[in-house]
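So you can see what is in the structure, the chains are spelled out below.
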Amino acid sequence: MLDNKIPQGPLAEKWSQHKFNLKLVNPANKRKYDIIVVGTGLAGASAAASFGELGYNVKAFCYQDSARRAHSIAAQGGINAAKNYKNDGDSIFRLFYDTIKGGDYRSREANVYRLAEVSNAIIDQCVAQGVPFAREYGGLLDNRSFGGAQVSRTFYAKGQTGQQLLLGAYSALSRQVKTGKVKLYTRNEMLDLVLVDGKARGIITRNLVTGAIERHSAHSVVLATGGYGNVFFLSTNAMGCNGTAAWRAYKKGAQFGNPCFTQIHPTCIPVHGTQQSKLTLMSESLRNDGRVWVPKTVEMAQKLQKGEIKPTEIAEEDRDYYLERIYPSFGNLVPRDVASRNAKNMCDAGKGVNETGLAVFLDFKTAIERDGEDVIRAKYGNLFQMYEKITDDNPYKTPMMIYPAIHYTMGGLWVDYNLMTTIPGLYAIGECNFSDHGGNRLGASALMQGLADGYFVIPYTIGDYLAQTSYDKVPTSHPAFEEAEKEVRDRINILLTSKGEKTPDEFHKELGLIMWEYCGMARNEEGLKKAKGMIQKLRKEYWAGVKLIGINEEMNLTLEKALRIADFLELGELMVDDALTRTESCGGHFREESQTPEGEALRKDDEFAFVSCWEYQGDDQPAKLNKEELVFENVKLTQRSYK
Amino acid sequence: MSNHKGLNFTLKVWRQKNAAAKGEFKEYPVTNVSPDSSFLEMLDIMNEDLLHKGEDPVYFDHDCREGICGMCSLFINGRPHGPGEEITVCQLHMREFNSQDGGVITIEPWRAAAFPVIKDLVVDRTAFDRIQQAGGYVSINTGGIPDANAIPIPKEIADKAMDAATCIGCGACVAACKNASAMLFVSAKVSQFSLLPQGQAEKSRRVLAMVNQMDEEGFGACTNTGACEAECPKGVSLENIARMNRDYFGAALSTEH
Ligand SMILES: Cc1cc2nc3c(=O)[nH]c(=O)nc-3n(C[C@H](O)[C@H](O)[C@H](O)COP(=O)(O)OP(=O)(O)OC[C@H]3O[C@@H](n4cnc5c(N)ncnc54)[C@H](O)[C@@H]3O)c2cc1C
Ligand code: SF4
Ligand code: FES
């Protein structure tokens, strides 16, 4: 049975009461404990720095050349907090409520409430670190509004909020490196987890420069390795983002929560062709003034695709502003999942634009006529410029083209209220866990969650575990390390001696297409079953032969990729399994069989108000599905409607 | 987006097996590149070709591919991050290149004693991390912090601090400088803290420690050529260097560090 360890008592008192009940490690004894933190993004860097400050010995790992380059750096829009600086009716309860509702009622009340509760301290902490948030002329902090909320609670630093928050956490981390409490291992990739007596006691890593396979022992292991959106090959994630650490933990017994919950962002720059390596997000704020449309007829769309006519030549009456037509009250501002799905529907109907037919227009003509070009430039100038750099089109003169792209994974390692996985001593924080966003994440809440986990939750909860753990260290000569290292070496050897014609990237692209087609914006039973078969076949082909080059004992790009893709080829199938069993639509997960007569997502609370927790049973066995029931005592479940 | 046909180029690429090996230029043709491809996507095509032929791909650093992580670092046709103003290599597109006359493009790593080559175009920039560790922070622990609005900061000051903080730590400033000086990078970090009230308590101590570490890492002296500012993909201004110099001399003169 899964024990989520949610404390008793009223919602608003659970966390304070829990903190009081947690066991403490005496300050003088903290130095007797070693903690491994894998990942130096917002979650990992904030946790590692805080552990160091408390006096623990920390080893922190990342695959980039510097901790400062973790993918959190790319977040643009902002970070939420319930400060209510605008006096517009915000509160901890409202932030909690918006997040639960935005997640389509598939997250835990207690976790989300705690997130809202600690959100304010995050802003205080970051300001004290010297994070240059945007300010008003009076010198106080500025806020903007973001999707899914009716209050202004998003703090931001230009379009570079993630960068500034991460540099803040990185500075705190750097200070601990200087004191010697944190040791950094950059260009190092975790390839396996080591269990001793059923507890997480270490990891096996590969040094990406020398190829050295190394063993690291500790009293506890924290995974902060980010999301697995790159399973789709094309996504807004950085090139190196991967699912390996979480997947290896899963195969050692950590259950995986809601793997099929992925978020698709509606406003990305469309795919330009087969040479494309990644997708670029355009801020959602553009939908405040841009109008989304496609031509009314397929014939006209085809002419556009061939470049025979220009979008500006299409008359008003020949344009279908479909979001305004279908959703008169929300119009272009419907939530991310609704906007994405409708774009897909238009393109499926043959009305897509761009050479590929896989794009819709986002048009600023009306806004420019109404407000003037200068006003639009002041609001979105940098975004327009970025768009023009990438596409060579001038969005002041011709409509932008956008298409949805994979952006975030709500699913991840299952954790209890203490952020511990089902493996004792193994924690998962940030995007790597499943915890706070349910079926759909609201804008500006991933940064909040990463920092909440790292600064204000795990420093408390890990102490409770360590206080009950003996100081004894496990030597890296222990047979468990021996065995884990051997498994890693075997995997590497198979790949390096494999003889195939297809490169790792070619496999990855194929997997991505399968996932996007059948487990992307809309899913159905037939397609998912087909995808499952295709992934199994592709995986078999992969292990029968993939083209690598070189040896392990050097920098080896093909090997790095091949190891990550091997794990994606397994994780992808679990995502499909999860999508198959959840025969409701909710949040980012749209099952075509479960829609309202108007074609909107239909949630089934009687059957599916639970977290799907998948338990590994061996490579040749189907994974076992366990359910954590979700209990709602403080919010009333309603169907979302944006008509 | 365009309906052009593919472009062809000849790449002259620096190959170096490891830090100890002697490097050399090698030429590789790439064909049928979409003008909409980014520079790094063009290198992906080349690498897939090489791998199919059983040759070792060319190594280069990259991650976010949207100009913010600071990982990409190529010296193209004599310029860090190649042609174009205020962009990183990953934001560079092939339509910026002339594919006539064989379309030769020369690609080298950052060259600086403090950034040793690891392999091909990949260099070791951990010197930047060590400079940050020397003092690039406000010495506070997590928790127990007064309300974020307790200290108002004039918007102009906050904006200036943000302009300095925008540095992505790519090292193009060092690669652009004939002395391989790291002044622009270091001054950007020093300035961010020096401008904000939160950074005042450790102002002197910080600038001395960071400059000292910079010297220890073997970066060259600044002779005010301004090449760093001209090539910085984030438009970090020389003003920061002037500010850091003031802070430094002020700190060095005072006895109370
Ligand atoms: C383009 C973009 C814009 C976004 N904008 C916003 C926004 O405005 N607001 C918001 O709230 N959220 C936003 N998000 C989401 C948010 O940025 C992420 O969810 C969040 O930053 C994840 O932080 P993290 O610490 O969990 O992981 P990451 O920052 O992804 O860090 C992962 C770390 O793990 C390391 N790692 C991974 N695998 C391994 C391994 N096997 N071995 C060793 N190390 C490993 C990496 O090196 C890295 O250090 C955005 C996301 C994207 C892609
Ligand atoms: S100052 Fe500019 S060039 Fe130098 S590291 Fe920072 S962003 Fe790069
Ligand atoms: S790859 Fe991140 S800045 Fe270029």
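Residues numbered from 1 in each chain as written. Chains lettered and ligands numbered in written order. Predicted model: local features only at pLDDT ≥ 70, side-chain atom pairs only at ≥ 80, totals over all residues. Heavy atoms only, no water.

Undergrad: Hey, could you run me through the overall build of chain B in this one?
TA: Regarding its fold elements, chain B presents eight helices and seven strands. For the C-alpha atoms alone, the extent of chain B along its principal axes is close to 65 × 45 × 35 Å. Scored against the burial criterion, the 257 residues of chain B give a buried share of 59%. Positive and negative charge centroids in chain B, built from 24 and 33 side chains respectively, lie 3 Å apart. (Helix = DSSP H or I, 4+ residues; strand = E, 2+ residues; numbered from the N terminus. Buried < 20%, exposed > 50% of the residue type's maximum accessible area, 1.4 Å probe, protein only. Lys, Arg positive; Asp, Glu negative; His and termini not counted. Charge placed at Lys NZ, Arg CZ, Asp CG, Glu CD.)

Undergrad: When you look at the site of ligand 1 in this model, what are you seeing that I'm missing?
TA: Residue and element names in this part refer to chain A. Around ligand 1 sit 37 residues in total, of which Q64, S72, G77, M190 and E431 are the nearest. Note that an oxygen atom of ligand 1 is positioned 3.0 Å from one of the backbone N or O atoms of A43. The separation between an oxygen atom of ligand 1 and a polar main-chain atom of L447 is 2.8 Å. For ligand 1, the protein covers 97% of the area, taking 1,000 Å² as the surface of the free molecule. If one sorts the elements of the shell around ligand 1 by residue count, strand β6 (residues 188–196) sits on top with three residues. Classifying every residue of the shell around ligand 1 gives 16 nonpolar, 18 polar and three charged. (Near = heavy atom within 4 Å. Polar contact = N/O pair within 3.5 Å; in protein donor to acceptor, adjacent residues only side chain to side chain. Areas by Shrake-Rupley, 256 points an atom, 1.4 Å probe, with all protein chains shown as cover. Nonpolar A, V, L, I, M, F, W, Y, C, P; charged D, E, K, R; others polar.)

Undergrad: In this structure, what is going on with the site of ligand 2? I would like to understand it.
TA: Residues and elements named next belong to chain B. Taken together, C167, I168, G169, C170, G171, A172, C173, L184, F185, C232 and P233 form the complete shell of residues around ligand 2. Put simply, the parts of the chain that give the shell around ligand 2 at least two residues each are α4 (172–176) and α5 (183–195). Among the residues making up the shell around ligand 2, the classes are represented as nine nonpolar, two polar and no charged.

Undergrad: What is the right way to look at the domain arrangement of chain B in this model?
TA: Frequently, the measure chosen for interface size is the accessible area removed from exposure when the parts meet. Residue and element names in this part refer to chain B. By domain assignment, chain B separates into domain 1 (7–119) and domain 2 (126–253). When each unit is reduced to the centre of its C-alpha atoms, the spacing between domain 1 and domain 2 is 29 Å. Carbon and sulfur atoms make up 60% of the surface buried where domain 1 meets domain 2, a total of about 1,300 Å² over both sides. Our count for the contact surface shared by domain 1 and domain 2 stands at one salt bridge. Linking E231 and R79 is a salt bridge whose minimum nitrogen-to-oxygen distance equals 3.0 Å. (Domains from an automatic or database assignment. Buried area = accessible area lost by both parts, 1.4 Å probe. Salt bridge = Lys/Arg side-chain N within 4 Å of Asp/Glu carboxyl O.)

Undergrad: Looking at this structure, how should I read the domain arrangement of chain A?
TA: Residue and element names in this part refer to chain A. Looking at the assigned domains, one finds that chain A contains domain 1 (267–405) and domain 2 (479–629). Taking only C-alpha atoms into account, the centre of domain 1 sits 32 Å from that of domain 2. With ten residues of domain 1 at the contact, the number on the domain 2 side is nine residues. Buried surface at the junction of domain 1 and domain 2, both sides included, amounts to about 740 Å², of which 59% is carbon and sulfur. (Contact = heavy atoms within 4.5 Å.)

Undergrad: What exactly am I supposed to notice about the packing of aromatic side chains here?
TA: Aromatic rings considered in pairs are described by the distance between their centres and by the relative angle of their planes. The full count for this structure, using the stated rule, is 34 aromatic pairs over all chains. Ring centres of F115 of chain B and F128 of chain B lie 5.3 Å apart, and the angle between their planes is 75°; this geometry places the pair in the edge-to-face category. Of this pair, F115 of chain B sits in the loop between β5 (104–108) and β6 (117–119) while F128 of chain B sits in helix α2 (residues 126–135); the two residues are 13 residues apart in sequence, bridging distant segments of the chain. Across this residue pair, the class does not change: F115 of chain B and F128 of chain B are buried. Sitting above the plane of the Y321 of chain A ring, R291 of chain A keeps its charged end 3.7 Å from the centroid. Above the plane of the ring of Y396 of chain A lies R377 of chain A, whose end atom (NZ or CZ) is 4.4 Å from the centre. (Phe/Tyr/Trp six-rings, centres within 6.5 Å; stacked < 30°, edge-to-face > 60°. Lys NZ or Arg CZ within 6 Å of the ring centre and 35° of its normal.)

Undergrad: I'm lost on the environment of A20 of chain B in this one. Help?
TA: Within the element layout of this structure, A20 of chain B appears in the loop between β1 (7–15) and β2 (24–33). Residues A20 of chain B and A201 of chain B, 181 residues apart in the sequence, show an inter-C-alpha distance of 44 Å.

Undergrad: Hey, could you run me through helix α15 (residues 525–544) of chain A in this one?
TA: Note: α-helices contain 3.6 residues per turn, so residues at a spacing of three or four share the same orientation. All names here are of chain A. Taking 1.5 Å per residue as the helical rise, α15 with its 20 residues ought to reach 28 Å, and the 29 Å between its terminal C-alpha atoms agrees with that figure. Buried within α15 we find G527, L528, A531, I535, L538, R539 and Y542. Down the axis of α15, the buried side of the element spans an arc of 105°, and every buried residue falls inside it. Of the exposed residues in α15, those oriented more than 90 degrees away from the buried face are E526, K537, K540 and A544. (Expected span 1.5 Å × (residues − 1). Arc of directions from axis to C-beta.)

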